[in-house]
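Listed below, chain by chain, are the residues.
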Amino acid sequence: MPQFRAVFDTMAGYQPGRAVIAPDGRSYKLSSNEAPDAPLPSVVRAIAEAATQINRYPDPGATELVAALAERYVVPAEHVALGAGSVTVAQQLFATVGEPGAEVVYAWRSFEAYPLLADLAGVVSVQVPLVEETHDLEAMANAITPATRMILVCNPNNPTGTANRSGELKRFLDRVPERVLVILDEAYREYVRDADVPDGLEFYRDRPNVAVLRTFSKAYGLAGLRVGYLIGHEPVAATVRKAMVPFAVNHLAQAAAVASLRAEDELLARVSAVVAERTRVRAELLAQGWTVPSSEANFVWLRLGERTPAFAAACAAAGVAVRPYGAEGARISIGDREANDAFLTAAREFRSS
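Every chain begins its residue count from 1, and numbering advances along the sequence as written. Thresholds applied to this predicted model are a pLDDT of at least 70 for local features of residues and 80 or more for the giving and counting of side-chain atom pairs; totals over whole chains, interfaces and linings are not thresholded and use all residues. As a rule here, side-chain values come from all non-hydrogen atoms in the structure, and water together with hydrogens is ignored.

J.: Go over the packing of aromatic side chains, please, and point to the residues and values.
T.: Pairing of aromatic side chains here covers Phe, Tyr and the six-membered ring of Trp, requires ring centres within 6.5 Å, and sorts the geometry by plane angle: under 30 degrees stacked, over 60 edge-to-face, intermediate tilted. Evaluation of the coordinates by the stated rule reveals 13 aromatic pairs. Taking 6.1 Å as the distance between ring centres and 75° as the angle between the ring planes, the aromatic pair formed by tyrosine 106 and tryptophan 108 counts as edge-to-face. Each residue's exposure class comes from its accessible area (1.4 Å probe, protein chains only) as a fraction of the maximum for that residue type: buried when under 20%, exposed when over 50%, partly exposed otherwise. Judged by relative accessible area, tyrosine 106 falls into the buried class, the value being 0%. For tryptophan 108, a relative accessible area of 22% gives the class partly exposed. A ring pair is formed by tryptophan 301 and tyrosine 325, whose centres lie 5.8 Å apart and whose planes are at 65°; its orientation type is edge-to-face. Of this pair, tryptophan 301 sits in strand E9 (residues 299-303) while tyrosine 325 sits in strand E11 (residues 323-325), and the two are 24 residues apart along the sequence. Accessibility expressed as a relative area gives 4% for tyrosine 325, which makes it buried. Aromatic rings pair up to connect Tyr73, Phe216, Tyr220 and Tyr229 into one cluster. A cation over a ring is seen here: arginine 331 above phenylalanine 299, with NZ or CZ 5.8 Å from the ring centre. Either the NZ atom of lysine or the CZ atom of arginine qualifies as a charge over a ring when it sits within 6 Å of the ring centre and within 35 degrees of the ring normal. Above the plane of the ring of tryptophan 290 lies arginine 351, whose end atom (NZ or CZ) is 5.0 Å from the centre. Here a strand is any run of E in DSSP of at least two residues, a helix any run of H or I of at least four, and the numbering for each starts at the N terminus.

J.: Which residues make up the environment of threonine 148, and what values go with them?
T.: As for its position among the elements, threonine 148 is in strand E5 (residues 148-154). Taking the relative accessible area as the measure of exposure, threonine 148 reaches 0% and is therefore buried. Sequence-wise, threonine 148 and asparagine 164 are 16 residues apart; in three dimensions their C-alpha atoms are separated by 22 Å. Discounting residues that sit within four places of it in the chain, threonine 148 has contacts with Glu103, Val105, Ala143, Arg179 and Val180. By the criterion applied in these results, polar contacts are pairs of N or O atoms within 3.5 Å in which, for protein atoms, one can donate a hydrogen and the other can accept it, and in which residues neighboring in sequence qualify only through two side-chain atoms. A polar side-chain atom of threonine 148 sits 2.8 Å from the main-chain amide nitrogen of threonine 145. Contacts were defined at the residue level, with two residues in contact if any of their heavy atoms lie within 4.5 Å.

Printed below as a string of structure tokens:
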């Protein structure tokens, strides 16, 4: 019998959102925070054209995409690092700090991949409980020790949708030693409408230990192609690039991401439609009597405790897949109006049952 690392005996694998089908054939997948719309025609054309070249390896440095991101965010190209989705860039980050005894601090509950990536990298997870469904930044600062190598701040937070604001984030960053890398995980940045929720790039520019993590999977609708990126000062970005698997961002993904940046105005109009639906869904849930934190992402969160499995099952029976988290709560992605209405009906019937 082959021998494996002991951590695999206790480590749970990543559990993606699932699809369900009701007895009448209805199926609405609101479990993975995906964009509800298909890619724009211009992006589809770019993918189709790139498909004629997939007998060749992709550009290992993704030169055109890196240049487009550098131009979009007014940063040096050397400050950009890529990966196959932001979760893979996060894995590269864990690899850069991972060694025996190293600690990584993050809130909990937050992005469910963080503990998995920490275990794979052999680092110690330091989980700081949420307060009122959001990051307790003061407690996270207090959790820093000489062994701390990295802190992850998911803003807006997945799965609760809550966000930390400029003043508290600045006070937190002021307390973090320069030797500790702070990653502002902003996978849902495009959905933010609270003007006091900062763009992490504001902090990165004059703080060499701060980097921003983003993705094309959510607002840009490229979840199936896997493109994520980091913007950080050159020592950070260069080290993250070293941890990247060669050719990790494929040719189709590079072409689609570049085309998406060119079509950003059209894409962000779609984002505004999702935000409008988010507002409507939350208002209806509040009217039904649920407690729903204000969300700055493309999903809402219900803390259901022991009722979580039953709630998820009731939604599934109506053809609506939501994302349950054990006996904690459920995250519900914002889909199109039909999907959202199906969910709201299921939530109303569950509450009245």
